[in-house]
Amino acid sequence: MITIKNLSKRWKEFQLKDISFSLDKEYCIILGPSGSGKSVLLKCIAGILKPDEGNIFLEGEEITNKAPEDRNIGYVPQNYALFPHLNVYKNIAYGLTIKKVDKLKIERKVREIAEFLNIAHLLDREPKSLSGGEQQRVALARALVLEPKLLLLDEPTSSLDISIKEEIIKELSKIEIAVIHVTHDLVEARSLAEKLGIFIDGKLLEFGDKKILDKPKNRKVAKFLGFNVIDDKIVSPWDVKVELGGEYKVLNVLDYGYYKKILVDYNGTLLKIFTKKNISIGDKVNVYIQ
Ligand SMILES: Nc1ncnc2c1ncn2[C@@H]1O[C@H](COP(=O)(O)OP(=O)(O)OP(=O)(O)O)[C@@H](O)[C@H]1O
């Protein structure tokens, strides 16, 4: 189990504020907009940044001041950080070699993890000859081969195209240790999260299961997730009914195939509505907030 207690990190322009949460052997997604402090949080947990306040415990042991390599935590940064001069095998084996693990054991473990992540055919290749998705798997293998108690993933699919992204998400869902995965991708959050935290302006505003995505309580979280906040009430875009022939003007329409997202000027507030009706930009509509 990982427990984060009152963690804070301050610079002049940004603060990570009093973060507390715990996690069992679960897949935790931390979702938040760009610049909200998600990477700073991971770096504090990995030991790359020193928090100003707070404590981090892993399986009951305090690790707040331990060196990154002594934490038993796997960390995959945003840019993967593969060693360019080492082939894939040596990249994956690196941590075990440093720990002076027996050569035969290293070989067995590297092959095992490479098979698990479908990269066994790439072991002789140089990182620069790999696609983004392949590099991502190598970075994951390099972290997982050390059998960490916790895996930290910083936006692991952000530079991948949709089909590769789906494959990586499938691989990630097979991992059976505690994972903290930060992202700003809602689809990824829905597919993977057993626990979910929403991070905005350096604060963990909501933490729980993924029901948060459908029923946020905090108004800032609701706005970030695309809900309407009308007179302090949080309203899903599905819960606003719309009819042609009213006083409110349709400012924009996004066609998602089986439904449309329309934006309506509702007395100066931009109202988001999901509808299957045939509505176009410039139409005048009536709205019914449920
Ligand atoms: N070493 C540092 N010194 C000063 N400010 C920093 C430092 N590292 C990060 N920050 C600031 O902390 C804030 C949060 O950065 P962070 O990288 O954690 O955001 P993020 O939520 O991961 O964003 P993204 O999704 O774009 O990666 C930013 O304003 C950043 O400039």
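Note that the structure is a prediction, hence the values are computed from the model and not measured.

Rules and cut-offs
Residues numbered from 1 in each chain as written. Predicted model: local features only at pLDDT ≥ 70, side-chain atom pairs only at ≥ 80, totals over all residues. Heavy atoms only, no water. Core = buried A, V, L, I, M, F, W, Y, C linked by side-chain atoms within 4.5 Å. Buried < 20%, exposed > 50% of the residue type's maximum accessible area, 1.4 Å probe, protein only. Helix = DSSP H or I, 4+ residues; strand = E, 2+ residues; numbered from the N terminus. Contact = heavy atoms within 4.5 Å. Axes fitted to C-alpha atoms, helices over the stretch in contact; angles between N-to-C directions. Parallel < 35°, antiparallel > 145°, perpendicular 65-115°, else oblique. Left-handed = near helix turned anticlockwise from the far one by under 90°. Nonpolar A, V, L, I, M, F, W, Y, C, P; charged D, E, K, R; others polar. Pairing = 2+ DSSP bridges. Near = heavy atom within 4 Å. Polar contact = N/O pair within 3.5 Å; in protein donor to acceptor, adjacent residues only side chain to side chain. UniProt positions renumbered as here; feature names shortened; annotations may be inferred.

The next point concerns the nonpolar core. Ranked by internal contacts, the top residues of the largest apolar core, which has 49 residues, are Ile-92, Leu-151 and Leu-196. Of the residues forming this core, the biggest block, six residues, is contributed by helix 4 (residues 132-144). Non-local contacts of Ile-92, meaning those with residues more than four positions away in its chain, are made with Val-110, Ile-113, Ile-119, Leu-123, Val-138, Ala-141, Arg-142 and Val-145. Grouped together as the second largest cluster of nonpolar side chains are 27 residues, Ile-19, Phe-21, Ala-178 and Val-182 included.

Put simply, helix 4 and helix 5 (residues 162-172) touch, their axes get as near as 10 Å, and they point 15° apart. The pairing of helix 4 with helix 5 is recorded here as roughly parallel in orientation. For the pair helix 4 and helix 5, the crossing hand works out as right-handed. Between helix 4 and helix 5, the residues in contact are Gly-133, Gln-136, Arg-137 and Leu-140 and Ile-164, Glu-167, Ile-168, Glu-171 and Leu-172, respectively. Each residue belonging to the contact of helix 4 with helix 5 can be placed in one class, and the counts come to four nonpolar, two polar and three charged.

The next thing to look at is the sheet that holds strand 3 (residues 27-31). If you walk across this open sheet you meet the six strands as 6-7-8-3-9-10, and the pairing is mixed. At either end of the open sheet lies a strand with only one pairing partner, and these are strand 6 (73-76) and strand 10 (203-208). The average undirected angle you get between the axes of adjacent strands in this sheet is 15°. As paired elements, strand 3 and strand 8 (residues 178-183) share five bridges and run parallel to each other. Residue Ile-30 lies in a different strand from strand 8, and its bridge partner there is Val-182. Packing against the sheet, helix 4 makes contact with strand 6 and strand 7 (150-154), and its axis sits at approximately 165° to strand 6.

On to the site of the ligand. By nearness alone, 13 residues border the ligand, and Ser-34, Gly-35, Lys-38, Ser-39 and Glu-155 come closest of all. The contact in question runs from an oxygen atom of the ligand to an N or O atom on the side chain of Ser-34, over 2.5 Å. At 3.0 Å, a backbone N or O of Ser-36 approaches an oxygen atom of the ligand.

The next point concerns the UniProt feature "domain: ABC transporter" (unreviewed entry) in the protein. As annotated by UniProt and renumbered to match this structure, "domain: ABC transporter" (unreviewed entry) occupies residues 2-225. Split by type, residues 2-225 is 32% helix and 26% strand. Its first and last C-alpha atoms lie 27 Å apart.

All right, on to the side chain of Asn-87 then. Along the chain, the position of Asn-87 falls in the loop between strand 6 and helix 2 (88-98). Here Asn-87 falls in the buried class, since its relative accessible area comes to 17%. Within the local environment of Asn-87, its side chain forms a polar contact with the backbone nitrogen of Tyr-89, the two atoms lying 3.2 Å apart. There is a polar contact of 2.8 Å between the side chain of Asn-87 and the backbone nitrogen of Lys-90. Here Asn-87 is in contact with Leu-123, Asp-124, Arg-125, Glu-126 and Pro-127, once residues within four sequence places are set aside.

On to helix 1 (residues 38-46), then. Extensive coverage of helix 1 is indicated by the burial of seven of its nine residues. Remark: Gly-47 follows helix 1 within two positions and exhibits a positive phi of approximately 95°.

With antiparallel pairing, the four strands of this open sheet are ordered in space as 2-1-4-5. The sheet is open, and its two borders are formed by strand 2 (15-23) and strand 5 (61-62), each paired with just one other strand.

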